[in-house]
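Listed below, chain by chain, are the residues.
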Amino acid sequence: MSAAPMLEVKGLSVYAGGKTLVRDVDLRVAAGECLVVMGESGSGKSLLAHAIMGDLAPGLSARGEISVAGQRIDALTPDARRAFWGKRIALLPQEPWLSLDPLMCVESQIAETHALVAGRDWADAKACAAKDLGRLGLTASARQLPFRLSGGMAQRVAIAATMAAEAGLLIADEPTKGLDADACAGVAASLRAQMEQGRAVVVVTHDIGLARALGGRIAVMRNADMVETGETRDVLSAPRHDYTKMFVAADPTKWPRPDAHAGGAPVLRGESLSAVRGVKTLFEAIDVTLARGEIACVQGPSGGGKTTLGAVLLGLLPPLRGVVRRADGVEAWRYQKLYQDPVAAFAPYSSLRVALDDVVRRHGGTWPAVEAILTRLSVPLDLLDRPPSQVSGGELQRVAIARALIVDPVFLFADEPTSRLDPPIQRATMELLRELAVERGLAMLLVTHDPDLAAAMSARPPLRIG
């Protein structure tokens, strides 16, 4: 490795009061190289990225040395450190909705970065933005506001805006979550192109496929510590640490396959459903029926209408044509949804405890039962007194699952419910949902881009949308 790395970190730790969230991390990344940081949800991966960037959430603090292109930045004032953002160091955050301006069309947001950060004139910046959107397959969405995009489409826009800065150091936090296989391959190719142009790339991910595609070096984190480092191909093919072995072995291809559902009374039936977005037909003449205890899957490209189908089945949107029938005598609130972006489903300034307690008080249940669900989901109970911004995306996703289960739903539309979870936690979470389907007669329609996960969760062929 080069003696003058683009990024050098020595003894970096992150604290929340007296609790250590990242412990004594050392790492080096040279220009043209990639470091993949992989590990369990809540291990400190994203906190490491934000500590390097210098934008930790209020209540968190960092200690250690951070140098970018040979210049110490950890000791700079906040204003001086912000001067590095975009021009010298760029961060793609885990939640694209938090990085996009809700009142600006997506083409303008990408063009603005080309102009104001990379220094292009506006005509060239607009041309570059149009080229970026075309490469991402989003030309038709250029004039759309972010809320009109699917989660996967918003993710691709955020990636394009981040890369437009042309910073020497690019940090990407879970850049492929919620993306279909083709889009994931496109993201990997874009990141490799950044390296070929001489930029250093740090990728935080639990996506083993992305790690393999990027190569370079890998660092595995667990419980605030880096437990294993090495060349990516060596660590993934012959892991040394027990946790890394478990992580690599938890791939959905190795899960047992389910038996066919025995059938029963349907809890939900959609007949000849059609929906449009603007002038685009998302789906047409779709039929779907789910009985108690049955799990089915929906697959298709980002922006193809999978989330819209869920909204129609739940009565949140009317179908253009067709009808939705639900079981008689079942309260509407027992038809629940797990949102693709859990951060958008929680009040930002209330604690997670308040969010869960509100559901308990409104719909009944007991707090010990809630804690039992959280324990089964491996959510530390001390996280509940934090706001959503102070927990990892994977932890927030599991709290969202627990909140939906409090009301004892009969139907759950689960929109990429494990997109932020590492493989071991993903397997434990999906096994819990499968158990609850049997125990409670819970019907579930699972949206996933992963064909292996779909095959592991349902014996039914997946419903294709888009």
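Numbering of residues starts from 1 in each chain and follows the order in which that chain's sequence is written. Since the coordinates come from a predicted model, pLDDT governs what is reported: local features require at least 70, and pairs of side-chain atoms require 80 or more to be given and counted, while whole-chain, interface and lining totals use all residues. The side-chain numbers reported here are obtained from all heavy atoms of the structure, hydrogens and water having been left aside.

J.: Explain the pattern of salt bridges to me, please; I cannot follow it from the model alone.
T.: Opposite charge on two side chains lets them pair, provided their charged atoms get close. Here, a salt bridge means any side-chain nitrogen of Lys or Arg that lies within 4 Å of a carboxyl oxygen of Asp or Glu. Counted under the stated rule, the structure contains 26 salt bridges. Between arginine 222 and glutamate 40 there is a salt bridge whose closest N-O contact spans 3.7 Å. Placement of the pair is arginine 222 in strand 9 (residues 217–222) and glutamate 40 in the loop between strand 3 (34–39) and helix 1 (45–53), with a sequence separation of 182 residues. For arginine 222, a relative accessible area of 32% gives the class partly exposed. Residue burial is assigned from relative accessible area. The probe radius is 1.4 Å, only protein chains are included, and a residue is buried under 20% of its type maximum, exposed over 50%, and partly exposed in between. Classification of glutamate 40 as buried rests on a relative accessible area of 13%. The partner of glutamate 166 in a salt bridge is arginine 120, with the nearest N and O atoms 2.9 Å apart. Residue glutamate 166 is found in the loop between helix 5 (151–163) and strand 7 (169–173), and its partner arginine 120 is found in the loop between helix 3 (106–116) and helix 4 (122–135); the two are separated by 46 residues along the sequence. Secondary structure elements are defined from DSSP: runs of H or I of at least 4 residues count as helices, runs of E of at least 2 residues count as strands, and each element is numbered from the N terminus.

J.: Looking at this model, I keep getting lost on the packing of helix 3 against helix 5. Mind explaining?
T.: Helix packing geometry: the angle between the two helix axes and the distance between the axes. Simply put, an axis is a line fit to the C-alpha atoms, just over the touching stretch for a helix, and the angle between two N-to-C directions goes from 0 to 180 degrees. Where helix 3 contacts helix 5, the axes come no closer than 8 Å and their chain directions differ by 20°. With respect to helix 5, the element helix 3 is oriented roughly parallel. Considering only the axes of helix 3 and helix 5, their crossing is right-handed. For the pair helix 3 and helix 5, the contacting residues are Val106, Ile110 and Thr113 in the first and Val157, Ala160 and Ala161 in the second. For the contact of helix 3 with helix 5, a count of residues per class yields five nonpolar, one polar and no charged. Working definition: roughly parallel below 35 degrees, roughly antiparallel above 145 degrees, roughly perpendicular at 65 to 115 degrees, and oblique for all remaining angles. By convention the crossing between two helices is left-handed if the near helix lies anticlockwise of the far one by an angle smaller than a right angle, and right-handed if it lies clockwise. Note on contacts: a residue pair is in contact if any heavy atoms of the two residues lie within 4.5 Å. For this classification, Asp, Glu, Lys and Arg are treated as charged, while Ala, Val, Leu, Ile, Met, Phe, Trp, Tyr, Cys and Pro are nonpolar and the rest, including Gly, are polar.

J.: Help me understand the pairing of strand 6 (residues 89–92) in this model?
T.: Alternating residues of strand 6 divide into Ile89 and Leu91 and Ala90 and Leu92, and every residue in both groups is buried. A pair of strands is labelled paired if DSSP reports no fewer than 2 bridges between them. Looking at chain direction, strand 6 and strand 7 are connected through four bridges and run parallel. Bridge pairing in strand 7 links alanine 90 to leucine 170.

J.: Explain the packing of aromatic side chains here, please?
T.: Two descriptors summarise a pair of aromatic rings, namely the distance from one centre to the other and the angle between the planes of the rings. Aromatic rings from Phe, Tyr and Trp, with only the six-membered ring used for Trp, were paired whenever their centres fell within 6.5 Å, and each pair was classed as stacked if the ring planes differed by under 30 degrees, edge-to-face if by over 60, and tilted otherwise. Counting across every chain of the model gives two aromatic pairs. With a centroid separation of 5.8 Å and 65° between ring planes, the pair formed by tyrosine 243 and phenylalanine 247 is classed as edge-to-face. Here phenylalanine 247 and tyrosine 243 lie together in helix 9 (residues 242–249), a separation of four residues that amounts to about one turn. Owing to a relative accessible area of 0%, phenylalanine 247 belongs among the buried residues under this scheme. Relative to phenylalanine 411, the ring of tyrosine 335 lies with its centre 6.1 Å away and its plane at 40°, an arrangement referred to as tilted. Residue tyrosine 335 is located in strand 15 (residues 335–338), and its partner phenylalanine 411 is located in strand 16 (residues 411–415); the two are separated by 76 residues in the primary sequence. Judged by its relative accessible area of 8%, tyrosine 335 is buried. Across the ring face of tyrosine 335, the terminal group of arginine 326 is positioned such that the distance to the ring centre comes to 5.8 Å. The rule is short: NZ of Lys or CZ of Arg within 6 Å of the ring centre and within 35 degrees of the ring normal puts a charge over the ring. The positively charged end of arginine 403 is found above the aromatic ring belonging to phenylalanine 346, 4.0 Å away from the centroid.

J.: Sorry, what's going on with the sheet that holds strand 17 (residues 443–447) here?
T.: Picture the strands of a sheet paired through backbone hydrogen bonds; they go either parallel or antiparallel. What the five strands build is an open sheet, ordered 15-16-17-13-18; its pairing is parallel. A single partner strand is all that each edge strand has here, and the edge strands are strand 15 and strand 18 (463–464). Note that strand 15 and strand 16 share four bridges and pair parallel. By the bridge assignment for strand 16, tyrosine 335 is matched with phenylalanine 411. Each of strand 13 (295–299), strand 15, strand 16, strand 17 and strand 18 touches helix 10 (residues 306–313); the most contacted strand, strand 16, lies at about 160° to it. The sheet strands contacting helix 14 (residues 423–440) are strand 13, strand 16 and strand 17, and the helix crosses strand 17 at an angle near 150°.

J.: What is the right way to look at the packing of helix 11 (residues 352–363) against helix 13 (residues 393–406) in this model?
T.: Taken N-terminus to C-terminus, the directions of helix 11 and helix 13 make an angle of 15°; their axes are 9 Å apart at the nearest point. With respect to each other, helix 11 and helix 13 are oriented roughly parallel. Our pair here, helix 11 against helix 13, has a crossing hand that is right-handed. Contacts between helix 11 and helix 13 involve Leu352, Ala355, Leu356, Val359 and Val360 from the first element and Leu396, Val399, Arg403 and Ile406 from the second. Here the contact of helix 11 with helix 13 is composed, by residue class, of eight nonpolar, no polar and one charged.

J.: For this particular structure, what's the right way to read helix 13?
T.: It helps to recall that an α-helix has 3.6 residues per turn; residues three or four apart then point in one direction. Multiply 1.5 Å by the residue count of a helix minus one, and that product is the helix's expected span. When the terminal C-alpha atoms of helix 13 are compared, their 20 Å separation across 14 residues agrees well with the 20 Å that a helix rising 1.5 Å per residue should span. Where burial is concerned, most of helix 13 is hidden: 13 out of the 14 residues are buried. In the segment just after helix 13, aspartate 408 is the residue with positive phi, at about 55°.

J.: I would appreciate a short explanation of the nonpolar core in the present structure.
T.: The nonpolar side chains of a soluble globular protein tend to be buried, and buried together. Only buried Ala, Val, Leu, Ile, Met, Phe, Trp, Tyr and Cys residues count toward a nonpolar core, and they belong to the same one when joined by side-chain atoms within 4.5 Å. Ranked by internal contacts, the top residues of the largest apolar core, which has 50 residues, are Ile110, Leu191, Val203 and Leu214. Aside from chain neighbours lying at most four places away, what touches isoleucine 110 is Ala129, Asp132, Leu133, Val157, Ala160, Ala161 and Ala164. Counting 42 residues, the second-largest nonpolar core is a separate cluster that includes Leu338, Leu356, Leu405 and Ala454.

J.: Before we go on, may I ask you to explain the sheet that holds strand 6 in this structure?
T.: As summarised here, the arrangement of the six strands in space is 6-7-8-3-9-10, forming an open sheet in which the pairing is mixed. The strands lining the two open edges of the sheet, one partner per strand, are strand 6 and strand 10 (225–231). Within this sheet the neighbouring strands show an average axis-to-axis angle of 15°, counted without direction. Helix-sheet contacts for helix 5 involve strand 6 and strand 7, and the interaxial angle to strand 6 is about 180°. This element, helix 6 (residues 181–196), spans strand 3, strand 7 and strand 8 (200–204) of the sheet and lies at about 150° to strand 8.

J.: What exactly am I supposed to notice about the environment of glycine 209 here?
T.: With respect to the helices and strands, glycine 209 occurs in helix 7 (residues 208–214). Judged by relative accessible area, glycine 209 falls into the partly exposed class, the value being 42%. Between the C-alpha atom of glycine 209 and that of alanine 185, which follows or precedes it by 24 residues, the distance is 9.4 Å.

J.: Before we go on, may I ask you to explain the pairing of strand 1 (residues 7–16) in this structure?
T.: The side chains of a regular strand alternate, residue by residue, between the two faces of the sheet. In terms of burial, strand 1 is a largely internal element, seven of the 10 residues being buried. As judged from the eight bridges shared by strand 1 and strand 4 (residues 60–68), these two strands associate in the antiparallel manner. From the neighbouring strand, alanine 16 faces strand 4, where its bridge partner is leucine 60. Counted between consecutive antiparallel strands, the loop separating strand 1 from strand 2 (residues 19–29) contains two residues, among which glycine 17 sits at a positive phi close to 65°.

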